[in-house]
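# A look at the structure
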Amino acid sequence: KSRIVSVALPTVVTFALVVVVYIGASRWEQNSIEASFRQRCAEQAGAVRGSFDECIKPLNLLGSLFKNNQEVTREEFSAFSRHMLDDHEEMLALTWNLRVPGSQREAIEHTTRMAGVPDFQITEQQITGELVPAASRDEYVPVYYAEPNAGKARVLGFDVASEPVRRAALQQACDSAS
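Attention in this report is confined to the structure presented alongside it.

About the cut-offs
- Throughout this document, residue positions are counted from 1 along each chain, in the order its sequence is written.
- The model is predicted, so local features are restricted to residues of pLDDT at least 70 and side-chain atom pairs to those at 80 or more, both for listing and for counting; the totals for chains, interfaces and linings are taken over all residues.
- Only hydrogens and water are removed before side-chain values are computed, so all heavy atoms of the structure are retained for them.
- Here a helix means four or more residues in a row that DSSP labels H or I, a strand means two or more in a row labelled E, and each is numbered from the N terminus.
- This radius of gyration counts C-alpha atoms alone. The globule rule is 2.2 Å times how many residues there are, raised to the power 0.38.
- Burial classes follow relative accessibility: with a 1.4 Å probe on protein chains only, a residue under 20% of its type's maximum area counts as buried, one over 50% as exposed, and anything between as partly exposed.
- A contact between two residues is defined here by any heavy atoms of the two lying within 4.5 Å.
- Grouping into patches uses exposed residues only, defined as over 30% relative accessible area, and leaves out salt-bridged ones; the cut-off is 9 Å for like charges and 5 Å for nonpolar side chains (Val, Leu, Ile, Met, Phe, Trp, Tyr).
- Each accessible area value is a Shrake-Rupley result obtained with a 1.4 Å probe; residue values ignore everything except the protein chains displayed when judging cover.
- Criterion for a salt bridge: a side-chain nitrogen of Lys or Arg within 4 Å of a carboxyl oxygen of Asp or Glu.
- What is meant by a nonpolar core is a set of buried Ala, Val, Leu, Ile, Met, Phe, Trp, Tyr and Cys residues, joined one to another through side-chain atoms within 4.5 Å.
- Think of a polar contact as two N or O atoms within 3.5 Å of one another; within protein, one of them needs to be a possible hydrogen donor and the other a possible acceptor, and neighboring residues in sequence only count if both atoms come from side chains.
- Here the aromatic set is Phe, Tyr and Trp, taking the six-membered ring for Trp, and pairing holds for ring centres within 6.5 Å; pairs whose planes are under 30 degrees apart are stacked, those over 60 apart are edge-to-face, and all others are tilted.
- Throughout this description, the term charge over a ring refers to an Arg CZ or Lys NZ atom that lies within 6 Å of the ring centre and within 35 degrees of the ring normal.

Per the secondary structure count, the protein chain includes five helices and six strands. Secondary structure of the protein chain in N-to-C order comes out as α-α-β-β-α-β-β-β-β-α-α. For a compact globule of 178 residues, the expected C-alpha radius of gyration is about 16 Å, and the protein chain comes in at 31 Å, more than 25% above that figure. On the principal axes, the C-alpha backbone points of the protein chain span a range of 110 × 35 × 35 Å. Looking at the protein chain as a whole, 23% of its 178 residues are labelled buried. Counting contacts in the protein chain only where the partners sit at least 6 residues apart, residues at least 24 apart contribute 55% of the total.

This is how it looks when you write it as structure tokens:
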């Protein structure tokens, strides 16, 4: 019996200490991993936020261009946009989308054609990908100006509000602005 106590008791105590040290080390390592992960997430979130902020600046400048000028020409929009796109390579394109009440659709299409965009028509995309004249609605939000030039003919006149996801985003933007 005394031998069992002298051998078993230290063995059990040693085993218990090893288990306690193992659990403590495991918790410390898990906490260290979690802290490192949180720090990397915060750094990445900051980088993404900074990138968004950098994209918002030219959009605010573009908004100011339209707010401070009665009439912005296609040439002015193009020159301004090219400059913004050169400075912000993360941006692929810029468009200016005009809000058009349904009652003014024909007048806007006619005026735009007369102003040098002969094929301008408010369109929407079918499931097949084909652009067709937009259905009659109370309001349209067609792409009115676009830069860069590549593919511009296809983009001009496209009613971004004809797509449910974009329409929801436009509605959310309008709601948050008021």
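Turning to a nonpolar patch on the surface, a few remarks are in order. Taken together, the side chains of Val 5, Leu 9, Val 13 and Leu 17 define a hydrophobic patch exposed on the protein surface, amounting to about 370 Å² of accessible area. Relative to the assigned elements, Val 5 resides in helix 1 (residues 2-68).

On to the nonpolar core. Ranked by internal contacts, the top residues of the largest apolar core, which has 26 residues, are Phe 66, Val 72, Phe 77, Leu 94, Phe 120, Tyr 145 and Leu 156. Residues within four places of Leu 156 in sequence aside, it is in contact with Arg 74, Val 117, Phe 120, Gln 121, Val 143, Tyr 144, Tyr 145 and Ala 146.

Here we come to the side chain of Ser 162. Turning to its location among the elements, Ser 162 is positioned in the loop between helix 4 (152-155) and helix 5 (164-177). Classification of Ser 162 by relative accessible area gives buried; the value is 18%. At a separation of 2.6 Å, a polar atom in the side chain of Ser 162 contacts the main-chain carbonyl oxygen of Asp 159. With sequence-adjacent residues up to four places away left out, Ser 162 is seen in contact with Glu 124, Gln 125, Arg 137 and Arg 167.

How two aromatic rings sit relative to each other is given by the distance of their centres and the angle of their planes. Enumeration according to the criterion identifies six aromatic pairs in this entry. Both rings, one in Phe 120 and one in Tyr 144, keep their centres 5.9 Å apart while their planes meet at 80°; by these two values the pair is edge-to-face. Remark: Tyr 144 occurs in strand 6 (residues 143-147) and Phe 120 occurs in the loop between helix 3 (105-114) and strand 3 (123-125); sequence separation between them is 24 residues. Like Tyr 144, Phe 120 is buried. Within the aromatic cluster, the residues linked to one another by ring pairs are Phe 66, Phe 77, Trp 96, Phe 120, Tyr 144 and Tyr 145. Positioned above the aromatic ring of Tyr 144, the side-chain terminus of Arg 74 is 4.7 Å from the ring centre.

This next bit is on the side chain of Glu 147. Its place among the elements puts Glu 147 in strand 6. Exposure remark for Glu 147: the relative accessible area of 3% places this residue in the buried category. In this structure the side chain of Glu 147 is engaged in a polar contact, spanning 2.8 Å, whose partner is the side chain of Ser 78.

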